[in-house]
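Below are the chains, spelled out letter by letter.
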Amino acid sequence: MEPVIQTTQLTKTYGTLTALNKLNLTVTRGSVHGFLGPNGAGKSTAIKILVGLLKPSEGTAQVLGQLVGLDLPQTRLSVGYMPELPRFPRHLKGVELLDIYGRLYGLSSQGRKEQIPKLFELVGLQGREGDLIGKYSKGMQQRLGIAQALLGDPELVILDEPSAGLDPVGMVEVRELVKAITQKGVTVFVSSHLLFEVEQMCNEVTIINRGVAVASDSVQNVAHMVSKPAVLIVEVSNLSDAVAEVLRQLPFVQEVTREKSVLTVRLQTSDDVRSQVSQEISRLGGVIVSMRLEGQTLEDAFLQLVSQPRRDKA
Amino acid sequence: MTHQLSSSERRRSLDWKTRLWAVIKYELLWSIRKKKLAGLLLVAVAFALAGLIFPGLLSPLSDINANANVRPDFALGLSVGKLGFFFFALIVAMNIFSGEFESGTIVPLITKPVSRTTVFLGKLFAALLTVLVVYGVFFACGTVGGIIAYGPQNNLQLVPVAFLGDVLTTFFWVALVMAFGSLSRSTILTVLAAFSLFIAFSVGLPLAVPSGIQTAPELNFLPGNGATGTTYVNITFTSYNPKTNQTMNMTAEWAKSMPTGTDYITVNLINFFLHPVGNVSFINVTDSHVDTMPGQVKHNDVLYTEPNGLIPLRAIAVDVIYTAVILAVAWYAFKRVQVSE
């Protein structure tokens, strides 16, 4: 299947500063692709190239099969974009903004009349369409930002830090909105530095650090990329010494320690072996009260990957 | 969730006219809601009223020799003048681009499926519409007010001519301010650069050149002040002899200073429409020859003479070419600009 976004050796330099360093990125159709990286990693730079705000110094970027550039409007016909902390003309009413932007997408009068009220309803701004944007709260402007990104029924929606500056309630609302978008099969490319947000919203992730993509795969596979051995914490009722002894014999187990009813199982694999461990415990009469895997989360992978020295300096 | 576009709607989306109108509407709403248009209209009315109440007040600004009492050529007093051209252009255009970049609203605008050329043209047309509306109000107030204040007027056909001249001159400054805004993306820098250039063209240049050089033909190809010529018009006046207690109507040839250049398109157009067969002489003026009484100036060295029709025609051509070139620079800068913030 043709990727929705594909960059090849994408590089952006500002004088001696390299913001993006030969970034290769592929986003598959229908995915919710998280673009993770610490502040200053190059996420916004890459997105600005994709939407035509910046020109790459080297390399190419394609969106929906078309090369992007500074002034190639046809490539943006099926792309919705919400910038980080979107700023809209404060003197316009919300409905006027969407009407003008709808015209820029070429929507007919009928199309705008049908779509704009639905978008206001989707983002929870119904009843505030006629208010000046200057009177909107930050959260409302963020939601308006999502609404305008959905004008023209785009195939791809690019969201740059959609939760930036929002309170916890607002962040949850934005996540719910993104989930609602994806239910329609729209490809979503969302940048964030919030790991839990990406874990909850996305099925694919690219981790970028200092302008270089250090990992790109499904969220699960990236989480498993971490080289640190995972640790399984299992609370078992009716726990016998035999359980710990049997678990030590398993080929993927490095060490087992016991403290009252809690077993700490150090693994020497990145595979998910929770089912095998639970089978052994049950076979020996133990009843699992709780089980959690530590050391193989996206957060662990992220922290490990972004703390690695740069490839080009290694 | 959202309205699904049909393929025909997608095809329609390539229609540039819809997008152009959207940008014009976007820009005009900015002018209206930010009270810019209202402020400009207020100043335009004030200019017009000032011209009616103090007819001689505005005419020196545009070097128009309006006779306040007689007003034989009504439209001569109707021009916002050099200062007005610059003021209106500056207010209309100073934040067309810089305001968008400074507020960050340019980002959602230019990431829509609209070419930057369309955005540029939309903003340009909106500026033109604003100028037309403001000057329309100015000329309407001046004309109607003039008739009310001074009674029926002659030469009303000169009102649209003056309107055209003022718009053309103003648009040179609009283009210049737009270019500064597009290049600097800062309102303060735009205003400073435009004001510096205005001072340079309007005050610096005339002060910097010796009076003799003010007649140099090269000046006619620069924006702002052109060369200063002299035209001769027949005037009729009434002479009163107290000894004989008699009055007598007399006609004399009067030498009148005639500034040229893009700032004086209106003056030159009116001069042409009033005296289509006249000429303007460019004379090597020295300190001893500043007196413009009839008969004396003819002894000066006439460098060259041009027909009244040529002068506004050339000024319009120079104005249009400079405006087009400056707009092209503004457009190119806007088309190439990268937004990193």
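Residues numbered from 1 in each chain as written. Chains lettered and ligands numbered in written order. Predicted model: local features only at pLDDT ≥ 70, side-chain atom pairs only at ≥ 80, totals over all residues. Heavy atoms only, no water.

## Quick notes on a nonpolar patch on the surface
All names here are of chain B.
(1) Moving on: Taken together, the side chains of Leu183, Ile321, Val325 and Val329 present a nonpolar region at the surface, about 360 Å² in accessible area.
(2) Moving on: With three residues, the top contributor of residues to the nonpolar patch is helix α12 (residues 310-336).
(3) Moving on: Looking at the secondary structure, you find isoleucine 321 in helix α12. (Patch = residues over 30% accessible without salt bridge, like charges linked within 9 Å, V, L, I, M, F, W, Y side chains within 5 Å. Areas by Shrake-Rupley, 256 points an atom, 1.4 Å probe, with all protein chains shown as cover. Salt bridge = Lys/Arg side-chain N within 4 Å of Asp/Glu carboxyl O. Helix = DSSP H or I, 4+ residues; strand = E, 2+ residues; numbered from the N terminus.)

## Concerning the domain arrangement of chain A
(1) Moving on: Domain boundaries assigned for chain A yield domain 1 (5-218) and domain 2 (231-294).
(2) Moving on: For domain 1 of chain A versus domain 2 of chain A, the distance between C-alpha centres works out to 44 Å. (Domains from an automatic or database assignment.)

## Things to note about the interface of chain B and chain A
Accessible area lost during the coming together of the parts is what is often quoted as the interface size.
(1) Moving on: Taken together, the 42 residues of chain B in the interface contact 46 residues of chain A.
(2) Moving on: Around 4200 Å² of area is buried between chain B and chain A when both sides are counted, 60% of it from carbon and sulfur atoms.
(3) Moving on: Applying the counting rule to chain B against chain A returns three salt bridges.
(4) Moving on: With a closest N to O distance of 2.8 Å, Arg33(B) and Glu96(A) form a salt bridge.
(5) Moving on: Applying the counting criterion to the chain B and chain A interface returns 16 residue pairs in polar contact (both at pLDDT 80 or more).
(6) Moving on: Among the secondary structure elements, those contributing two or more residues to the side of chain B that touches chain A are α1 (7-12), α2 (16-33), α7 (106-110), α8 (116-150) and α12 of chain B.
(7) Moving on: Here the side of chain B that touches chain A takes 10 residues from α2(B), the largest share from any one element.
(8) Moving on: Here the residues of the side of chain B that touches chain A sort into 17 nonpolar, 13 polar and 12 charged. (Contact = heavy atoms within 4.5 Å. Buried area = accessible area lost by both parts, 1.4 Å probe. Polar contact = N/O pair within 3.5 Å; in protein donor to acceptor, adjacent residues only side chain to side chain. Nonpolar A, V, L, I, M, F, W, Y, C, P; charged D, E, K, R; others polar.)

## Focus on the side chain of Arg19(B)
(1) Moving on: If you trace the backbone, Arg19(B) turns up in helix α2.
(2) Moving on: When its relative accessible area of 8% is taken as the criterion, Arg19(B) is described as buried.
(3) Moving on: Among the polar contacts made by the side chain of Arg19(B), one reaches the main-chain carbonyl oxygen of Leu104(A) at a distance of 3.5 Å. (Buried < 20%, exposed > 50% of the residue type's maximum accessible area, 1.4 Å probe, protein only.)

## Some thoughts on the pattern of salt bridges
Any two side chains of opposite charge can pair if their charged atoms end up close together.
Residues and elements named next belong to chain A.
(1) Moving on: Enumeration over the complete set of coordinates arrives at 17 salt bridges over all chains.
(2) Moving on: Between glutamate 155 and arginine 29 there is a salt bridge, with the nearest N and O atoms lying 3.1 Å from each other. Residue glutamate 155 is found in the loop between α4 (138-149) and β7 (156-160), and its partner arginine 29 is found in the loop between β2 (17-27) and β3 (32-36); the two are separated by 126 residues along the sequence.
(3) Moving on: With relative accessibility at 33%, the residue glutamate 155 sits in the partly exposed group.
(4) Moving on: Residues aspartate 241 and arginine 258 are paired through a salt bridge, measuring 2.6 Å at the closest nitrogen-oxygen approach.

## Some details on helix α9 (residues 158-184) of chain B
Residue and element names in this part refer to chain B.
(1) Moving on: The end-to-end C-alpha separation of α9 is 39 Å, in line with the 39 Å expected for 27 residues at 1.5 Å each.
(2) Moving on: Burial analysis of α9 places 21 of its 27 residues in the buried class, which makes it a mostly covered element.
(3) Moving on: Backbone geometry just downstream of α9 places arginine 185 in the positive-phi region, at approximately 55 degrees. (Expected span 1.5 Å × (residues − 1).)

## Topic: the packing of aromatic side chains
(1) Moving on: Taken as a whole and assessed by the stated rule, the structure comprises 19 aromatic pairs over all chains.
(2) Moving on: By way of ring pairs, the aromatic residues Phe86(B), Phe172(B), Trp173(B), Phe195(B), Phe198(B) and Phe201(B) are connected into one cluster.
(3) Moving on: Above the plane of the ring of Tyr101(A) lies Lys112(B), whose end atom (NZ or CZ) is 4.4 Å from the centre.
(4) Moving on: Above the ring of Phe221(B), the side-chain terminus of Arg314(B) is found at 5.8 Å from the ring centroid. (Phe/Tyr/Trp six-rings, centres within 6.5 Å; stacked < 30°, edge-to-face > 60°. Lys NZ or Arg CZ within 6 Å of the ring centre and 35° of its normal.)

## Section: the environment of Gly127(A)
(1) Moving on: Note on placement: Gly127(A) falls in the loop between α3 (109-122) and α4.
(2) Moving on: It is 9.7 Å that separates the C-alpha atoms of Gly127(A) and Pro117(A), two residues lying 10 residues apart in sequence.

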